[in-house]
Amino acid sequence: MFNQKKKEIIAMLLAGGQGSRLGVLTERIAKPAVPFGGKYRIIDFPLSNCVNSNIDTIGVLTQYQPLELNAYIGSGQPWDLDRIYGGAFILPPYMDSEGGQWYKGTANAIYQNMNFIDQYDPDYVLILSGDHVYKMNYADMLEYHKEKQADCTISVLQVPWEEASRFGVMNADQEMRIYEFEEKPADPKSNLASMGVYIFNWKKLKEYLIKDEADKKSDNDFGKNLIPAMLQAGERMYAYVYGGYWKDVGTIESLWQSNMDTIDPTVPLELDDPPWRIYSRSANKPPQYIGEHAELSDSGIADGCWIDGKIENSIIFSGVTVEEGATVSNSILMPRVTIRANSRIDYAIVAENSEIGEDSCIGWADEGLIMGQDGQITVVGPDLTLGNRVKVARGAIVSTELKDEEVVK
Amino acid sequence: MFNQKKKEIIAMLLAGGQGSRLGVLTERIAKPAVPFGGKYRIIDFPLSNCVNSNIDTIGVLTQYQPLELNAYIGSGQPWDLDRIYGGAFILPPYMDSEGGQWYKGTANAIYQNMNFIDQYDPDYVLILSGDHVYKMNYADMLEYHKEKQADCTISVLQVPWEEASRFGVMNADQEMRIYEFEEKPADPKSNLASMGVYIFNWKKLKEYLIKDEADKKSDNDFGKNLIPAMLQAGERMYAYVYGGYWKDVGTIESLWQSNMDTIDPTVPLELDDPPWRIYSRSANKPPQYIGEHAELSDSGIADGCWIDGKIENSIIFSGVTVEEGATVSNSILMPRVTIRANSRIDYAIVAENSEIGEDSCIGWADEGLIMGQDGQITVVGPDLTLGNRVKVARGAIVSTELKDEEVVK
Amino acid sequence: MKVLGIIFSYSTRENLRELTKRRTLASLPVGAKYRIIDFPLSNMANHGIHEISVICRNNYHSLIDHLSAGKEWDLERKRGGLRVLTPYDRMAGNEPVLYRGMIEGLANNMDSLHRSRADYVILSGTSVIYNVDFKELLRNHIASGADITAVYADNYNGSHFVPNGSPIYHLDDDDRLADLTINPEESEQPNTRWGIDLIVMRKYLMESLVADAIAFGRYDFDLDILKRLAGSLYIKGVRYEGHLLEISNVPGYMKANMKLLDSEFRARVFRDPVYTKHKDSVPTRYFEGCHIRNSMISEGCRINGVVENSLISREVKIGRGAVIRNSIIMQNTEIMNDVLLDNVIIDKDVIVREHRSLAGHSTYPVVVEKGSIV
Amino acid sequence: MKVLGIIFSYSTRENLRELTKRRTLASLPVGAKYRIIDFPLSNMANHGIHEISVICRNNYHSLIDHLSAGKEWDLERKRGGLRVLTPYDRMAGNEPVLYRGMIEGLANNMDSLHRSRADYVILSGTSVIYNVDFKELLRNHIASGADITAVYADNYNGSHFVPNGSPIYHLDDDDRLADLTINPEESEQPNTRWGIDLIVMRKYLMESLVADAIAFGRYDFDLDILKRLAGSLYIKGVRYEGHLLEISNVPGYMKANMKLLDSEFRARVFRDPVYTKHKDSVPTRYFEGCHIRNSMISEGCRINGVVENSLISREVKIGRGAVIRNSIIMQNTEIMNDVLLDNVIIDKDVIVREHRSLAGHSTYPVVVEKGSIV
């Protein structure tokens, strides 16, 4: 609009999802805004991947509970996306002279923003999802897309064969040209699972978006409708095999696991990676203070914390307080959580601003069972105050305040 | 959300309007984004008034064709509204876990954003409209509001009695306490017309917003529902008399007139006013170049123009070209308009990017009538190419391309 | 009421050895994450002073880099905002002339200061870190009818310590400045009121006082304005009640940093946000076998060894078996395995190799210069 | 391929009289709205060079003010972006030392330049304004296998004019630099190739060349690097084909500005956007009775009189009956009624009172210093 100039590629980031399987964690915020890794939010990963791949124009499609996400992205400055021409743009649903409609599906969300894309006259459009944790060079994928002279390139992950039936699977020939797409096939022919990362030639995509919109029976979804339609029409679609770390943090367990992966040196998700930094909006807190009684090991701790207890194999976000005698193990404490003296937190996620009283136990298990061994994670929702001597059983979800000595099973 | 801190007052700017009486000028943009005064857009006035009144936190409620408006506001930097805590925020309609709804009326738009307002814990909320041209110190109005210990203060204008029946009229006692509000009364009791500028105590407003939302019969509009409800309940509501220039630019004629007012030294709408600057996003163009054959008088011309014709009593936006022999009088040429050689433009508005071919006449009148004398303004819509020797009659609206020698009556 | 804040990035009475060899005092790292200037800048910005000029004298290279346009302090503004004022060429014959005192710094930048539309100025030095409610200070100044308000301390976080070279205010019973002397040496002096380089007055008064002083070749604000004019102007002394950090020599620098390990004191210093330049560091990683006690540690560190009573800045690496006590480690330094440090100040970008051992004393800490390899 | 742009804000061969008395060449106003530095900065930013260091020598006060963090050029970035490099204290005995040539400017800032992760550097002066496709220049440099690419002109917008003090490149048949001499005086010299201060090379080569030169006390890039090493390095001369503006003395400054009144030339200069610091000026108001011919005029002016063949900067007021011909009027100046000006350069913030008349000649324009009252 100001300084018209062409961009070779722009990204469209689908950040509208409610993420209902994350329960209390996404009641008031969109899934891409969920805190991650000690000082990030999930959306930092696709945003940082973009800037590190030299993509400086990103439309962020929001619809569900966007207030916090919009404020978090702001001018885009933390990701170096406050560009004069380009940058990060929030794209909510809107009305035109024919009225308004909500985003019906992923393809419809892009369809409604074709004017935005056309402003930049791009050759290629990169479609991303706001709820995956991974570090990926989209510039390499674009190179591949151009080499293959593809109409659409879909980034895929080789998953264990036994898990393939949980994914959208791409069946491709030796040249990696896709000839079939199967959503959660009972009997998969391939183990190439779609990551939900697509590069399209913009002209081609536009054509199919318009067709798809005209089809009243369509769900207007990339995976269900648009990709199959393109395949059926014989367009040149290629699979691009990505070999790095990738996780859909769609469940409590996968969110917990993926957080833990950031402090596991055997997992290739090193955040301390200067040539491929993950950027985030800083909380502006003083340095952490480690008190007289602290014991720390195998943990990541952010600025603004006050730690006088024991922290083991845990992720501690900024502004957390852990008092003397408290023990936090195998857990995630989100920003500004307080753990009072002598409490024990094990295999748990405690969401923003919540406070756990003294002598409590979060992730309490029946005798005879080792905590968390069966993979169950306890969750305490945001902005809750739990009293003293509270007991919350392993795997429970706390979404209301608890009085002293309450027990949640 | 980041750096919680109280604000005494924040502004909520209703910028969602379609402005349907502006026809082709608002087909693709919201009314507050309409260009004004040679380098501004209408929304620059309320935004600049806010920062000049030391209000640094503004929610901008958008719904209709927001793409250009959102990009224009961007980070808020041109208005000094790129603050770390506070600044300008675009607030579109959104979905929460119960689904989404469009803004139903002005009051509903505020209702849906109560969480946004509560973040700043303000004592007062200023409600503004995005389609009025005026320079006003809201800080003075706030002083008045506090002095009167009002629950709500409504800014009013003294209009000529014969025009009062076209406005929402406030009937007030000697203390300026409002006892009655009449929307377009046939027989007005007062000439105090509401300007659509309100200061509310936030607690009080919140209470009435919740009541109003619960009332299924309500249109959820400030003027129709919320203000009358507060009056009926006996709340302390005061009229604040504003004495300066104010114009609702809701029609083609008022838009034209208000533009002309910016170059009329007898009208108190001086834009060259360093202590009360109107800020705008700059188009970044080189200085204007005035050629060998130009004749200029009583006009305002922006950067980036190339003028070799005659310009009289007109407003010329940035990037406009006027070729040799062309005459532009009593007209508004919006950004990047081109007027080819020997054409005549009189009493017209030519919208962005349009081109008028050679030897054409825009604002052509039957013989015997002096152009424009009856107040009719000719409009050429945006992005149109009109051929050579075209004739467009006074008062006509052009919304499609015209071929050489076409005549529009 | 518009206020212009003026911060002097240098001090004429500091002796910080290697620490200020290549940087001006205002850009000295402090508190494991900050630079000194972050404190007065944040303090002003938090109290509604959004127009601030920083007067530089020399070695301001790193300060310009740190401040840039002032975005982190919310001072990148069209109206007001941050201005970093570097000196015009100043030569007397063939000699370069550094500002001798605050007056010359002001005079050299009078063009820029003059353009401000502020009614009042608040002048601040950088060798004392305080936290003042500037709105209240200004209200009191106006209410008192004083020409100049000068803020003093007589209680340095509970002690009667008076820094060397400080102006000592002699006030009459109405708190009016009667005389001013210069403290000849650092010492405990009960009931002594020493100026903390914090001055309030009308802007036009500052402009005319500076013009007068310069005309007579006077340059020292304390002696040539406050002391000299104590009789003719109403100069009011106002007591500062809060916490202080005073940094004008190396032991003082050490003491000021260590003071921040006191949780109650630290809470007061960081009651309002203190802004600094962002780095995109990761959370600090603590590995098995590390042992940390009573220390302030910033993000981006990787810590294996023992850290006690120390301040560790961003992106510091501490190897296995290393023991760090009573020390300050600045940004991006690497302490390798089995190093022993006690009472040491290690500047930025230093490497301390395996098995090295350095020890100073709190009255004379060892300083390792920026970029060294030990 | 990462590129670091390095712009020298000063020139050692300029003589611009009062115009550069209080400002460095790079911040000299030009083209009715811009400062010289806007052109190389915008040119680089438009061609994907987003990491730029500006090396300052002295009088850079106004340049820092103009550039701030580089937001207007889209160079306020976390990764790369604009850095304004002011000198460290440089004293030889008691004498202040100004950089004598480009080499000393580079050497003094080597710490900062060294931190950049760029592979290549592009060095640019400020006395010649050009518009280069840097991407293509770099591609050619790499393809040629040259150690250094040095860009020359042999055609100054159609004339064979060679500025005084320019390096003259003597190339062999393969466009390889064989020798370099300095042009002793401004003159028409057909087929002479003169360097426009635009150099490309690998960053590590620059670092080692500068380190070597400094070790031997050498400072002049043209003589001490290009000429001296012409035999041992492959230094390739590349011809610049586009438009040029050369500004090293007052008549040249006048000529360069007047050249912009040529619509075809102007269109080429502004083909890509040229960014500058925003002012919130209103549209320029033309009143009845004004008469304007062949002039460039910026926003915020109020014009009543006659303006011909002139450049009028922002916020200039021109009274009734005033006649301005062949002149340059800088920002915020007021020309009162019935003033006559011909071949005059009026700096910023000047007032010319009623009925005054000033006239110079195109070979010797009158210059009115900033802030004067005539």
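These figures come from a predicted structure and were not determined experimentally.

If you tally the helices and strands in chain C, you get nine helices and 32 strands. Computed over C-alpha atoms, the radius of gyration of chain C comes to 21 Å, within 12% of the 21 Å expected from 2.2 N^0.38 for 374 residues, which places it in the range of a compact globule. With the C-alpha coordinates of chain C rotated into their principal frame, the extents come out at 65 × 45 × 40 Å. When burial is assessed residue by residue, chain C has 61% of its 374 residues classed as buried. For chain C, restricting intrachain contacts to residue pairs at least 6 apart in sequence, the fraction spanning at least 24 positions comes to 58%. A total of about 13800 Å² of accessible surface is found on chain C, and carbon and sulfur atoms cover 45% of it.

Attention now moves to the interface of chain C and chain D. Facing 26 residues of chain C, the contacting portion of chain D comprises 26 residues. Buried area between chain C and chain D, both sides added, is near 2300 Å², and the carbon and sulfur share of it is 49%. For the interface between chain C and chain D, the tally reads four salt bridges. For Asp111(C), the salt bridge is made with Arg22(D), and the minimal N-O distance between the two is 3.6 Å.

Right, let's talk about helix H6 (residues 203–215) of chain D for a bit. The end-to-end C-alpha separation of H6(D) is 18 Å, in line with the 18 Å expected for 13 residues at 1.5 Å each. Buried within H6(D) we find Lys203(D), Leu205(D), Met206(D), Glu207(D), Leu209(D), Val210(D) and Ala213(D).

Superposing chain C onto chain D takes a rotation of 180 degrees combined with a translation of 0.0 Å along the rotation axis, leaving an RMSD of 0.0 Å. Each copy turns onto its partner about a two-fold axis.

The subject of this paragraph is the interface of chain C and chain A. Between chain C and chain A, the residue contacts involve 35 residues of the former and 33 residues of the latter. Taken together, the two surfaces of chain C and chain A that pack against each other cover about 2900 Å², and 45% of this comes from carbon and sulfur. The largest share of the area that chain C buries against chain A comes from Asp280(C), Arg285(C) and Tyr286(C), three residues that together contribute 22% of it. Linking chain C with chain A are four salt bridges. For Glu292(A), the salt bridge goes to Arg293(C), with nearest N and O atoms at 2.2 Å. For the pair chain C and chain A, the interface holds 18 residue pairs in polar contact (both at pLDDT 80 or more). Looking at the side of chain C that touches chain A, the elements with two or more residues in it are helix H9 (263–269), strand E18 (284–286), strand E19 (291–293) and strand E20 (295–297) of chain C. A per-class count over the side of chain C that touches chain A returns 15 nonpolar, nine polar and eleven charged. Relative to E18(C), strand E18 (residues 299–301) of chain A runs antiparallel, the two sharing three bridges. Bridge pairing in E18(C) links Ser299(A) to Tyr286(C).

Calculation notes
- Residues numbered from 1 in each chain as written.
- Chains lettered and ligands numbered in written order.
- Predicted model: local features only at pLDDT ≥ 70, side-chain atom pairs only at ≥ 80, totals over all residues.
- Heavy atoms only, no water.
- Helix = DSSP H or I, 4+ residues; strand = E, 2+ residues; numbered from the N terminus.
- Rg over C-alpha atoms; globule rule 2.2 N^0.38 Å.
- Buried < 20%, exposed > 50% of the residue type's maximum accessible area, 1.4 Å probe, protein only.
- Contact = heavy atoms within 4.5 Å.
- Areas by Shrake-Rupley, 256 points an atom, 1.4 Å probe, with all protein chains shown as cover.
- Buried area = accessible area lost by both parts, 1.4 Å probe.
- Salt bridge = Lys/Arg side-chain N within 4 Å of Asp/Glu carboxyl O.
- Expected span 1.5 Å × (residues − 1).
- Least-squares fit on C-alpha atoms with pLDDT ≥ 70 in both.
- Polar contact = N/O pair within 3.5 Å; in protein donor to acceptor, adjacent residues only side chain to side chain.
- Nonpolar A, V, L, I, M, F, W, Y, C, P; charged D, E, K, R; others polar.
- Pairing = 2+ DSSP bridges.

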